Structure formats: C-alpha cells, structure tokens
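What follows is the residue order along each chain.
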Amino acid sequence: MKPAWEKLLVALLLAVQVGLLAGVAARTSPAGDERTFYLYGHRILFEGSFHRDDDRMFNSKMPAQIIHVLPQFLAERVGLWPFTRLASGPVNPRQPHRAYLFWARLSGILLVPGFGLIFYLWARRLYGLWPALILLLWLALSPNLAAHLSLIVTDGLTVAVLFAAIYFCRLYVLKPSAGRLVAAGVFLGLALLVKNSALLLAPIVIIAWLLESWPRVWSRLQAGRLREVASGGLRSSGVLAAWLAIALVVLNAGFGWQGFGASVESIGPESAAFRRLPPSLQALPLPLPREFLNGLDQVIFDDNNSETGGLIYFLGRGNHLGWAAYYPVALLLKLPLALLILLGLALWLRWRGESTPDDAWLMVPVAVILLNMCFRTTTHIGLKYVLPIVPLLLLFSGRVLAHRPSKWAFHQYLGKGVLVAWLVFSSLGHFPHYIPYFNELVDPRQAYQYLAKYDLDAGQAQDEAIKWAKNQHQPVAVAPCPPPPGPVLVAANDLLGLHGPDCWRVLRQSYQARKCVAGAYFLFEVDDPSPRRWRLKPPDQP
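Residues numbered from 1 in each chain as written. Predicted model: local features only at pLDDT ≥ 70, side-chain atom pairs only at ≥ 80, totals over all residues. Heavy atoms only, no water.

### Focus on the overall build of the chain
Inference 1: In terms of regular secondary structure, the chain is built from 22 helices and six strands.
Inference 2: Rg of the C-alpha trace for the chain: 25 Å, near the compact-globule value of 24 Å for 542 residues, within the 12% margin.
Inference 3: Overall, the chain is about 80 × 65 × 50 Å in size when its C-alpha atoms are taken along their principal axes.
Inference 4: When each of the 542 residues of the chain is scored for burial, the buried share is 54%.
Inference 5: Here the contacts in the chain between residues at least 6 apart in sequence split such that 73% fall between residues at least 24 apart. (Helix = DSSP H or I, 4+ residues; strand = E, 2+ residues; numbered from the N terminus. Rg over C-alpha atoms; globule rule 2.2 N^0.38 Å. Buried < 20%, exposed > 50% of the residue type's maximum accessible area, 1.4 Å probe, protein only. Contact = heavy atoms within 4.5 Å.)

Set out below in structure tokens:
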C-alpha cells in the first residue's frame, strides 16, 4: 500500500503534464497532417466507414482517431451539452478540425495520465520512490513528447500504447498470470489500432524474452536437460500465440469486424514486399481487417519509395532517399542535453555492471525501432517516428538517479540535482514551441541549417508568427516571393525550398537569420535581394 502523500505527488505530476500539454494545444496552429488524421476519424464516426481513399491521404490513419472527433460527434449527432457550445465558429466540411481544434487535441491529452501512471509504476519497481518521482517529472516536461502528445496525430498515442504493451509483456514474463497476458494482448491490439508500425512489437518481445531467458536456457543445454528446454520452448510459443490471438480480436473489434479474413490479393497490393509473395500466399485469407491490410501495404510502399516525406532535408543537404544517420543525429540535437549526459552516465554504470533485471526490455525496443527507421524506410522527416524510444531512454537513465556513491557523495548528489534542474528549465524555457525544440548545441537562429519539417516546421507556428509580424513598428514582410529589401520573415520549410518554388534561396545562401520567431520562422534583414556569394553549404537540389 503506497502512502497517501506519494499518491498525491504522482497525481500532481500527472496534472502538471496535462496542464503543459493543454497549454501547448491552446497556443499552436494546426500542424502537419492533423487535418487528414481528423478527417479519417470523422469518416469512421459520421459515416461508419473505414475506407481509405485511392489518393493515399489516409494511408497511415487508424481507427484510434475517433478519440479526437468525439467532441464534434457528441455536439452534432448526440446534441449533448456542453459539447454543443464548443465549436469556435462555423464548421468547414473540408477542415472540420479547425472549429474544434483545442477540444479535439484535449480529448487525446486526457488519456496521457494513464501512460504516465504506467511509466511511474515501472520506474518505481526498478529504482524506488524518489528516482521514480523525478523520472515522472521529466516525462511530464519532456519537450519531445509534449510536441506530439498535444496534437491530433497518432505519434503521441503510439508512444503510450507501445510502452504499456511492453510493460505488461515484461510483467507477464516476470510473473506469469492470465490477467497480465490478457493486458499485454489488449495493449498490443490497441497499439495496432493506433499505428500499424506497432507490428514491431512482435520481434521486440521475442528478442527481449530470449535475451532474458538465454542464461537459464544455456545452463540447461550444458547440463543436457534438452527435454526441459523443448517443453519450455513449447510453452513460450503457446503464450506468444495466445498473446497474438488476443491482439487480433481487439484489432478486428476496433475495425468493427469489417473486412475480416481479407487476403493480400483482395487489396491489389502495391508494395514490393506484398507483390513478391507467391500467388498461393496472396490468396490466403488472413485474420486481419481489409483496411488494416490495405493501409499497411500503402505505408510500406510509401516508405520504400520516398512517397511520405518528399524532399528530405538533413544538415544542409536534401534528397529523396533519406539518410541512415538522420535519427541518431536528430536525437543528439533534439534530446535535452541533460538527458544525453544522464544516458552517457547510465551506459557507463551499465558497463561497470550496474544492471537492472529489465535491461533487455529497455534496450531491445530502442535498437529495433532505430534500426528499422534508419535502414528499412526513407521516412526521415521527424523525430516523431522514433518517439517511442524516449520514455525507454528516460527509464534506462534512471539508474543514475538510483546510484548510491561510496565516495564523493555530496558532489555526485549535487551533480544530479543540477542535471534535474537543467532539464526542467530547458523544457519550460521553450514553452510552447516544442516541435522546433533543439538542445543547447544548436543556436535557434541557425536551426534550419540542421533539420526541417516535423523537427522544426510543421505549420504549428504560423498564427503566432503572423501576429508577431503585425505587431512590429517597422513593417515585416511574411514569406514574400521574391524577398524585397527590408525585414523578411520566412518559415523554415519555405526558406529551404521544400514546398513549391524556391523563392528564398538567396536568403539562406547569402544572409544569416537575425531572429527566430515562434521557433520555426526566421527574420532576415535584406539589403539587396540579388544573389551574392554563398555563405552556407549549397543543397544538392537546384
């Protein structure tokens, strides 16, 4: 039984996280593809259809999006007060999310405390009370998580359900029970309803389980107890089959059992992975919903053919095939510097033998997710695609907080306190601009020279930047094409020519930004808009 003051502190930290995310949601413009995510949830609730359009707009969208559409559905279809008074204006059928933007975002934010509680319980079991509370504080203030948990997209929710699925799988392996197996299967099914990349959970769980069990298996093999090894393998296979079966029930229920038993052949596959299957396998009915299979095929095709990200920008250069080093470098630039230092210390402690029983369950998901995104896909447009590793890295670094030094204790505790305070102030100092968050290694005025798109400019800063420009005493031109003499304010993606005509090449090649506005807009003082000598590395694309 946990004391009342501990429960109160946990509840307070969870409330801080919800408050922070609600503040971000209230102060940022519609970002990225929030519109398409919302429209797919709108189609499900208002039309009862899971159909994906042929133009691929809904390729990666999943039924979990109905969470964000609930305020509009309760207002317009149910007529339930106070939802009927939430709309900020007339509802545009092509962009219904704008009228309910804050409330749609808040619907997802209200699920976050469940994720935070599971994180705390895992940290508490590994490290004890105070390290767990500090880790929960870091989770609540994580700029990387806040950037996407506050939006109408699946990336933040994916972090939560993947983490919960891994946690309950770990609990089952630690102490098997029917309840823990069902919970693990349910969360796997929910993860698949949020994002089809949750399929990675299968190899993650198998590899982590094998790594944890290998010392016992090896000792039995050396002792010649082959029958025990074989029977243990059969039991584990049965558990995995039951786990997957529970997940499939949840997945099909989430799709309303529409299209159950679809085959690859029935969707007219586009991806090379599906088309290479033998005809007999393509015609085989699968225990999957048709639109899940269809969406998976479209996502694989897009990932392997550079259809998702368009021109990918990385360290001053652009291409359409991605960069294997994109995510490791992005993590070094966008994770808080205090967390990177803690991770370095945690690796040093691990090398010295200070391990936890759950190390395999913390490290394997990080390795599998990073390897998959670095080498299997070309979707290198934002840290959000590897976001599920962030809470796992936080947990891994917790061993530094739990470490009890034998000498120089005061200095080490002081150092830990400095790192804790550093991370807190680093996060709060960037509020509410968390999508363009970079750590102290990057000058905000030069952020566009490193990364772009979902790591800098997803459209979330537009309203604030325009308002800032209007409030200046001297007129500021916002994204003029071509740029005239005088102050010019340009969004990062426009500045880099990632969308449409490259009107601002002269700015990035001949000028340095004087100021960064709302994290994603850059102010230049133009004296002569004609091309001058290059100061920056020219991009690959003309």
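### Re the packing of helix α8 (residues 155–174) against helix α10 (residues 201–222)
Inference 1: Two elements in contact, α8 and α10, have axes whose closest approach is 11 Å; the angle formed by their N-to-C orientations is 30°. Classified by the angle their axes make, α8 and α10 are roughly parallel. The hand of the α8/α10 crossing is right-handed. Facing L162, A165, I166, C169, R170, Y172 and V173 of α8, the residues of α10 in contact are L201, V205, W209 and E212.
Inference 2: When the residues that make up the contact of α8 with α10 are grouped by side-chain class, the tally is nine nonpolar, no polar and two charged. (Axes fitted to C-alpha atoms, helices over the stretch in contact; angles between N-to-C directions. Parallel < 35°, antiparallel > 145°, perpendicular 65-115°, else oblique. Left-handed = near helix turned anticlockwise from the far one by under 90°. Nonpolar A, V, L, I, M, F, W, Y, C, P; charged D, E, K, R; others polar.)

### Some thoughts on the confidence of the model for the chain
Inference 1: Mean pLDDT over the chain works out to 88, with 94% of the residues at or above the 70 mark.
Inference 2: Summarising per-element confidence for the chain, the mean pLDDT is lowest in strand β2 (residues 317–319) (81) and highest in helix α5 (residues 112–127) (96).
Inference 3: Considering only residues more than four positions removed or in separate chains, one finds that residues 532–542, a stretch of pLDDT under 50, has 31 contacts. (pLDDT = per-residue confidence, 0-100.)

### What to know about the pattern of salt bridges
Inference 1: Going through the model one piece at a time under the given rule, you end up with 16 salt bridges.
Inference 2: The residue R105 makes a salt bridge to E34 at a minimum N-O spacing of 2.8 Å. Of the two residues, R105 sits in helix α4 (residues 101–109) while E34 sits in helix α2 (residues 34–47), which places them 71 residues apart along the sequence. Of the two residues examined, R105 and E34, each falls in the buried class.
Inference 3: A salt bridge links D155 to K384, with the shortest nitrogen-to-oxygen separation between them at 3.4 Å. Of this pair, D155 sits in helix α8 while K384 sits in the loop between α17 (359–375) and α18 (389–402), and the two are 229 residues apart along the sequence. K384 carries the same exposure label as D155, and that label is buried.
Inference 4: Look at the salt bridges and you will find they share partners, linking R125, R170, E212 and D358 into a network. (Salt bridge = Lys/Arg side-chain N within 4 Å of Asp/Glu carboxyl O.)

### What about unusual backbone geometry?
Inference 1: Between F431 and the following residue, P432, the backbone shows a cis peptide bond with an omega angle of -5°.
Inference 2: Within the fold, P432 resides in the loop between α19 (409–428) and α20 (462–470).
Inference 3: In this structure, the amide linkage connecting C481 to the following residue, P482, adopts the cis form with an omega of 0°.
Inference 4: Among the structural elements, P482 can be located in the loop between β3 (477–478) and β4 (486–491).
Inference 5: Of note in the backbone geometry, A479 takes a positive phi value of approximately 50° without being a glycine.

### Focus on the packing of aromatic side chains
Inference 1: Under the definition given, this model contains 19 aromatic pairs.
Inference 2: Their ring planes at 45° and their centres at 5.2 Å tell us that F50 and F255 sit as a pair that is tilted. Taken as a pair, F50 in the loop between α2 and α3 (66–78) and F255 in the loop between α11 (226–254) and α12 (272–275) lie far apart in primary sequence, 205 residues in all. Across this residue pair, the class does not change: F50 and F255 are buried.
Inference 3: Judged by centre distance (5.1 Å) and plane angle (75°), the rings of F102 and W103 are edge-to-face.
Inference 4: Positioned above the aromatic ring of F438, the side-chain terminus of K334 is 4.4 Å from the ring centre.
Inference 5: Sitting over the face of the ring of F396, R399 holds its NZ or CZ atom 4.1 Å from the ring centroid. (Phe/Tyr/Trp six-rings, centres within 6.5 Å; stacked < 30°, edge-to-face > 60°. Lys NZ or Arg CZ within 6 Å of the ring centre and 35° of its normal.)

### Points about the sheet that holds strand β6 (residues 521–526)
Inference 1: The mixed open sheet is built from four strands, whose spatial order is β3-β4-β6-β5. Two strands in the sheet have a free side with no partner beyond their single neighbour: β3 and β5 (515–517). (Pairing = 2+ DSSP bridges.)

### Notes on the environment of A245
Inference 1: Residue placement: A245 occurs in helix α11.
Inference 2: Of the residues examined, A245 reaches a relative accessible area of 38% and is grouped as partly exposed.
Inference 3: Once the C-alpha coordinates of A245 and I134 are considered, the two residues, 111 residues apart in sequence, prove to be 37 Å apart.

### Things to note about the pairing of β4
Inference 1: Burial of β4 is extensive: six of the six residues sit out of reach of the surface.
Inference 2: Where β3 meets β4, two bridges bridge the pair, whose relative direction is parallel. Note on β4: the bridge partner recorded for V478 is L489.
Inference 3: Summarising the sheet, β4 and β6 pair through six bridges and their orientation is antiparallel. Within β6, the position partnered with P487 by the bridge is E525.

### Considering helix α16 (residues 337–351)
Inference 1: With 15 residues, α16 should reach 21 Å at 1.5 Å per residue; the first-to-last C-alpha distance of 21 Å fits that figure.
Inference 2: Of the residues making up α16, those classed as buried are L337, A338, L339, L342, L343, A346 and L349. (Expected span 1.5 Å × (residues − 1).)

### Thoughts on α10
Inference 1: With 22 residues, α10 should cover 32 Å at 1.5 Å per step; its first-to-last C-alpha distance of 31 Å lies within 8% of that length.
Inference 2: When the local axis directions of α10 are compared, the greatest deviation, roughly 50°, occurs at W214, which is followed within four positions by the proline P215.
Inference 3: For α10, the full list of buried residues reads L201, I204, V205, A208, W209, E212 and S213.
Inference 4: Elements that come into contact with the buried residues of α10 comprise α8, α9 (178–194), α11 and α17.
Inference 5: Positioned one or two residues after α10, G224 has a phi angle of 75°, which is positive. (Bend = angle between axes of the 7 residues up to and from the residue.)

### Observations concerning the nonpolar core
Inference 1: In terms of nonpolar packing, the biggest core is built from 155 residues, with W122, W361, Y448, L507, F522 and F524 touching the most fellow members.
Inference 2: At 15 residues, α8 tops the list of elements feeding residues into this core. (Core = buried A, V, L, I, M, F, W, Y, C linked by side-chain atoms within 4.5 Å.)

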